[in-house]
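Chain residues, written in single-letter form:
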Protein chains: 2
Amino acid sequence: MQYDQVLRQKIKSRSAKVGILGMGYVGNYIARLTTGAGYQTIGFVRNKHRAKKIKKLGLKNLRAAIDIKKMRTCDICIVCVQTPIDKNKKPDLTYLSSAVRQVAGQLRKGQLIVVESSIAAGTTRNVLLPILTASGYKCGEDFFFGHSPERVDPGNDVFPLYSIPKIVAGADDISLMLLTYFYQTIVQSVVPVSSLEAAEVTKLFENSFRLLNISFVNQFSEYAQRRGLNVWEIIKAASTKPFGFLPHYPGPGVGGHCIPVDPYYLLDDARSQGVSLTLLEEAGEINDKRPQLVYEKALEILGKRKTKRKKILLIGVAYKPNIDDIRESAALKIWALFKKNGYKVSYYDPFVPKVHGVKSIEFTEKILSSFDLIIILTNHSNVQYDVLLQTKIPILDTRNTFQSRSYERVVQI
Amino acid sequence: MQYDQVLRQKIKSRSAKVGILGMGYVGNYIARLTTGAGYQTIGFVRNKHRAKKIKKLGLKNLRAAIDIKKMRTCDICIVCVQTPIDKNKKPDLTYLSSAVRQVAGQLRKGQLIVVESSIAAGTTRNVLLPILTASGYKCGEDFFFGHSPERVDPGNDVFPLYSIPKIVAGADDISLMLLTYFYQTIVQSVVPVSSLEAAEVTKLFENSFRLLNISFVNQFSEYAQRRGLNVWEIIKAASTKPFGFLPHYPGPGVGGHCIPVDPYYLLDDARSQGVSLTLLEEAGEINDKRPQLVYEKALEILGKRKTKRKKILLIGVAYKPNIDDIRESAALKIWALFKKNGYKVSYYDPFVPKVHGVKSIEFTEKILSSFDLIIILTNHSNVQYDVLLQTKIPILDTRNTFQSRSYERVVQI
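Everything quoted here is computed from the prediction, not taken from an experiment.

Chemist: Now, about the packing of aromatic side chains: what can you tell me, with residues and values included?
Modeler: Overall, the coordinates contain 30 aromatic pairs over all chains when judged by the stated rule. Measuring from centroid to centroid gives 4.6 Å for Tyr348(A) and Phe363(A), while their planes differ by 35 degrees, and the two rings are tilted. On the criterion of sequence distance, the pair formed by Tyr348(A) in strand E10 (residues 344-348) and Phe363(A) in the loop between strand E12 (358-359) and helix H12 (365-368) is long-range, its members being 15 residues apart. With relative accessibility at 17%, the residue Phe363(A) sits in the buried group. Between the aromatic rings of Tyr295(B) and Phe338(B), the centroid separation amounts to 4.9 Å while the plane-to-plane angle is 75 degrees, which identifies the pairing as edge-to-face. One end of the pair, Tyr295(B), is in helix H10 (residues 278-304); the other, Phe338(B), is in helix H11 (residues 330-340), and 43 residues separate them in sequence. Of the two residues, Tyr295(B) and Phe338(B), neither departs from the other in class, the shared state being buried.

See below:
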């Protein structure tokens, strides 16, 4: 029997063993799907501490492994390590290349390997595939390989991962067929595309759309504010249009590991192709300037009080509501700006108990009242915002927490 | 009885008479709603020729009038004349101011006046209201006034005008109440907003969103093309994401009297407020460059054939599918580019029998075969595109007419 037939059988009977390399938030979500579908799954981690965390997920068919050699026992290998950008906003493929090299080291005939990390056009074919074929094994015969960009949206309860269509591309037709077959067993619908590059670019395009529109609404909100208009009211009104409009909302700057990152993978590749995606370049710059803008607005509010007020409280440091992820969070950048200028910064976040050794404060009226300014940066739904209104402290609200109701002490941005 | 009470009664009983100033496509659509709801409606026009056109609409309760004095007999006056931009892309309020002056000349107590034209923040309050109050009548007591930006989408059968929520703002509370009451009798839902400016800006914001995203996808399509990727496949794949994405499509440049125009009203006002909406500025420039790009692509195709081929056929000159409107159409700009460079341009458009004295050609294989290049600019649904494939002529397809199926002679842009 051919290797692809064996794999099909194993997928059909759910006896295929799945290995996941990169047990961050994406890996965790995928493990829920694979174990839920009945696949024995191994989550590969760096150390015992991480292994313990995997155990804590409490998933029946999930085990943790530190020894990469165990990857050899897996039939399907999902790579979903992070693909960040460096300080010059250039793609940093260190983690991904290293992960694929680890997989290559354990490659055996009959394995199906898929990369879910967000990457630029050509990366799967020109950077990752050669690492695997260096083994001497032939892709499409001995092993199978493709790309299926993750679309995990942490905290999104309306669209759980299972319900989000999965884009899939193969290095060859058999790989594509196998990947489609496999993903159909763990998600509701699979969307095969014609090339690895199409899959890669689709993901970058989606998140570029987000960055572009969030940056636009941020810029638009500056205009609205200057005009004395409530930007949230305008967005709400525009959202009543039943076609041709999708609302995006202003904020202190987009965080997380996708929206502020992925577009730079697209920009970098476009530049190498001689195309300048000027709108996206500009969108990135606007986003980078947001934390400074929040900081300046805060100084303006403090300045009006004409005393040397130096104690700042940030409410919400996660990059979006109802999750604990602080990566690329605008809150950290705003925090740094205050700190650099001699302010004392504390924070409250029910999802994030500790940030760089600093603990989240206790949320009592008395403690809240000891600050000179409260800045709402993430609108978690389990915060008692009404208590904030009971203090006498001015509030800078970057998230329309109070739904455009006007309060004397609340300033919106 | 107060004037507002009288008006409410007249609206309730549908005995209020409606006058519409500006019987273009917006006026026509509104007349359908008002007459359909049972209001006697007068469409004001410049001359007998236009009056005849109104009659041809065949609406039972609609009459045409040339004499503006008849506006005095109307209880409700809807102004929806065009608000274009001049050649420097500055708002041109000539038509609107003139229309409102005409209304002011006939103003009588108890009238309700509403402007539906797209305008920048402050125009209703600071430019138009003074024209009306110069009469000596008091707004909110003697007469009533407000703004309700039109959201007409010609050719949109999925969302007929009746089903599109109507944003409404009043110069005062009574005017807002009356406008809400009136529009509730002709559309499915009314969305009152807190100020005239909020209503004005909402419309501009909606169309700015459109221009921004269309320009982005146009720029992105240049990258996709350079990368050898089919941009339509990527848009289709991205569209499978059930949240956070709204598809826009590349083309030869956005036309019509809204999307390429309204954003400049927003830009102009933002500039006057010291805010530079850089993303929108850039989007406008990208859109302006599209026709040139189509022209250059055409030359590239012609150049490959190495003969002096000079006969160009444009398919579709309306600015969007299935309508007859050619205003601001990219087709006209592309036409001009060819003409300037010595090419002979013909066109075929089943919706537009004549353009500047030139007639739409007959659509036969023989006539089609006499051209050197066919460019599809608007994808009307009643064109037999398959016949184009039967000719031996190269085709430049700017609208994905052939749904990404590949044909040797079809080049996409």
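Chemist: Let's hear about empty space enclosed by the protein: which residues, and what values?
Modeler: Using the criterion set out here, one finds six cavities of 30 Å³ or more in the structure. Volume-wise, the largest cavity comes out at about 100 Å³. Breaking the lining of the largest cavity down by element, the ones donating at least two residues are helix H2 (25-37) and strand E7 (166-170) of chain A. Residues belonging to the lining of the largest cavity are distributed by class as follows: eleven nonpolar, no polar and four charged. Considering the residues around the second largest cavity, the lining is formed by 14 residues, among which Glu116(B), Glu150(B), Arg151(B), Leu161(B) and Lys166(B) are closest to the centre. Looking at the lining of the second largest cavity residue by residue, the classes come out as ten nonpolar, no polar and four charged.

Chemist: Tell me what's going on with the confidence of the model for chain A, and back it up with residues and numbers.
Modeler: Mean pLDDT for chain A: 94, with 98% of residues reaching 70 or above. The ipTM, which scores confidence in the relative placement of chains, is 0.95 for this predicted complex, and the corresponding pTM is 0.95.

Chemist: Got a sec to walk through the interface of chain B and chain A? Specific residues and values, please.
Modeler: In this assembly, 61 residues from chain B lie in contact with 61 residues from chain A. Where chain B abuts chain A, roughly 5600 Å² becomes buried across the two surfaces, and 71% of that area is made up of carbon and sulfur atoms. Linking chain B with chain A are two salt bridges. Between Arg227(B) and Asp269(A) there is a salt bridge, with its nearest N and O atoms 2.8 Å apart. Between chain B and chain A we count 23 residue pairs in polar contact (both at pLDDT 80 or more) in total. Going through the elements one at a time, helix H7 (196-226), helix H8 (231-238), helix H9 (262-272) and H10 of chain B are the ones with two or more residues in the side of chain B that touches chain A. Ranked by the residues each element gives to the side of chain B that touches chain A, the list is headed by H7(B), at 20 residues. Taken together, the residues of the side of chain B that touches chain A sort by class into 33 nonpolar, 16 polar and twelve charged.

Chemist: Give a description of the pairing of strand E1 (residues 18-21) of chain B that names residues and reports values.
Modeler: Residue and element names in this part refer to chain B. In E1, alternate side chains face the same way, and those of Val18 and Ile20 on one face and Gly19 and Leu21 on the other are all buried. By the bridge criterion, four bridges tie E1 to strand E2 (residues 41-44) in an arrangement that is parallel. Among the inter-strand pairings, Ile20 is bridged to a residue of E2, identified as Gly43. Handedness of the β-α-β unit built from E1, helix H2 (residues 25-37) and E2 comes out right-handed.

Chemist: Can you break down the relation of the copies chain B and chain A residue by residue, with the values?
Modeler: Between the two chain copies there is a screw-like relation: a rotation about an axis and a shift along it. Rotating chain B by 180 degrees and translating it 0.0 Å along the rotation axis places it on chain A, where the RMSD comes to 0.0 Å. Read as a symmetry element, the transformation amounts to a two-fold axis. Across chain B, the rotation axis passes nearest the C-alpha of Leu279(B), at a separation of 3.0 Å.

Chemist: Kindly report on the sheet that holds strand E10 (residues 344-348) of chain B, identifying the contributing residues and their values.
Modeler: All names here are of chain B. In space, the five strands of this open sheet follow the order E10-E9-E13-E14-E15, with parallel pairing throughout. The open sheet terminates on both sides in strands that have one partner only, identified here as E10 and strand E15 (410-412). Strand-to-strand twist across the sheet, computed as the mean angle between neighbouring axes with direction ignored, equals 25 degrees. Pairing analysis gives three bridges linking strand E13 (residues 373-376) to strand E14 (residues 395-397), with the strands arranged parallel. Each residue of the ladder has a partner; that of Ile376, found in E14, is Asp397.

Chemist: Just give me the short version of the environment of Asn287(A), but keep the residues and values in it.
Modeler: All names here are of chain A. When you line up the elements, Asn287 lands in helix H10 (residues 278-304). For the pair Asn287 and Pro154, spaced 133 residues apart in sequence, the C-alpha to C-alpha distance is 21 Å. Not counting residues up to four positions away in its chain, the partners in contact with Asn287 are Leu211, Ser215, Gly253, Val254 and Pro260. Polar contacts involving the side chain of Asn287 include one to the main-chain amide nitrogen of Val254, which spans 2.7 Å.

Chemist: How would you summarise the environment of Lys55(A) if you had to cite specific residues and measurements?
Modeler: Note on placement: Lys55(A) falls in helix H3 (residues 48-56). A C-alpha to C-alpha distance of 9.8 Å links Lys55(A) and Gly43(A), two positions twelve residues apart in sequence.

Chemist: Mind laying out the packing of helix H7 (residues 196-226) of chain A against H8(B), listing which residues take part and the relevant values?
Modeler: One can describe the packing of H7(A) onto H8(B) by two numbers: an axis separation of 9 Å at closest approach and a directional angle of 60 degrees. It follows that H7(A) is oblique to H8(B) by the angle criterion. Between H7(A) and H8(B) lies a crossing whose hand is right-handed. In this structure, H7(A) uses Ala198(A), Val201(A), Thr202(A), Phe205(A) and Glu206(A) to contact H8(B), whose residues at the interface are Glu233(B), Ile234(B), Ile235(B), Ala237(B) and Ala238(B). The class makeup of the residues in the contact of H7(A) with H8(B) is seven nonpolar, one polar and two charged.

Chemist: Would you mind going over the sheet that holds strand E6 (residues 144-147) of chain B in detail, with residue names and values included?
Modeler: Two modes of strand pairing occur in sheets, parallel and antiparallel, and in both the strands are linked by backbone hydrogen bonds. Residues and elements named next belong to chain B. The sheet built from eight strands is open, its strands ordered E3-E2-E1-E4-E5-E6-E7-E8 with mixed pairing. Every other strand in the sheet has two partners, leaving strand E3 (62-65) and strand E8 (190-192) as the edge strands with one partner each. Neighbour-to-neighbour, the strand axes of this sheet turn through a mean angle of 25 degrees, independent of strand direction. Here strand E5 (residues 112-115) pairs with E6 via four bridges, running parallel. Paired with Ile113 across the strands is Phe145, a residue of E6. Strand contacts of H2: E1, E2, E3 and strand E4 (76-79), with the helix running at about 170 degrees to E1, the strand carrying the most contacts.

Chemist: Let's hear about helix H11 (residues 330-340) of chain A: which residues, and what values?
Modeler: All names here are of chain A. Every buried residue belonging to H11 is among Ala330, Ala331, Ile334, Trp335, Leu337 and Phe338, and all of these are buried. The arc that holds the buried residues of H11, viewed along the axis, is 160 degrees, so those residues lie on one side. Turned more than 90 degrees from where H11 packs its buried face, Lys339 and Lys340 sit exposed. Gly342, located one to two residues past H11, shows a positive phi value of around 85 degrees.

Chemist: Go over the environment of Leu299(A), please, and point to the residues and values.
Modeler: Residue and element names in this part refer to chain A. Among the structural elements, Leu299 can be located in helix H10. Residue classification places Leu299 among the partly exposed positions, given a relative accessible area of 28%. Residues Leu299 and Lys310, spaced eleven residues apart in sequence, show a C-alpha to C-alpha distance of 10.0 Å.

Chemist: How would you sum up helix H3 (residues 48-56) of chain B? Please name residues and give values.
Modeler: Capping of H3(B) at its N-terminal end is provided by Asn47(B); its side-chain oxygen lies 3.3 Å from the backbone amide nitrogen of His49(B). Note on H3(B): the residue one or two positions beyond its end, Gly58(B), has a positive phi of about 70 degrees.

Chemist: Let's hear about unusual backbone geometry: which residues, and what values?
Modeler: Residue and element names in this part refer to chain A. In the Ramachandran plot, Arg14 falls in the positive-phi region, its phi being about 60 degrees despite a non-glycine side chain. You can see Arg14 is positioned in the loop between helix H1 (3-12) and strand E1 (18-21). We classify Arg14 as partly exposed; its relative accessible area is 29%. Backbone geometry places Lys89, a non-glycine residue, at a positive phi of 65 degrees. When you line up the elements, Lys89 lands in the loop between strand E4 (76-79) and helix H4 (94-105).

What counts as what
Residues numbered from 1 in each chain as written. Chains lettered and ligands numbered in written order. Predicted model: local features only at pLDDT ≥ 70, side-chain atom pairs only at ≥ 80, totals over all residues. Heavy atoms only, no water. Phe/Tyr/Trp six-rings, centres within 6.5 Å; stacked < 30°, edge-to-face > 60°. Helix = DSSP H or I, 4+ residues; strand = E, 2+ residues; numbered from the N terminus. Buried < 20%, exposed > 50% of the residue type's maximum accessible area, 1.4 Å probe, protein only. 1 Å grid on protein atoms, 1.4 Å probe; cavity = no way out; pocket = protein on both sides within 12 Å on 5 of 7 lines; lining within 4 Å. Points joined across faces, edges and corners; volume = space filled by probe spheres on them. Nonpolar A, V, L, I, M, F, W, Y, C, P; charged D, E, K, R; others polar. pLDDT = per-residue confidence, 0-100. Contact = heavy atoms within 4.5 Å. Buried area = accessible area lost by both parts, 1.4 Å probe. Salt bridge = Lys/Arg side-chain N within 4 Å of Asp/Glu carboxyl O. Polar contact = N/O pair within 3.5 Å; in protein donor to acceptor, adjacent residues only side chain to side chain. Pairing = 2+ DSSP bridges. Right-handed = clockwise from strand over helix to strand, strands pointing away. Least-squares fit on C-alpha atoms with pLDDT ≥ 70 in both. Axes fitted to C-alpha atoms, helices over the stretch in contact; angles between N-to-C directions. Parallel < 35°, antiparallel > 145°, perpendicular 65-115°, else oblique. Left-handed = near helix turned anticlockwise from the far one by under 90°. Arc of directions from axis to C-beta.

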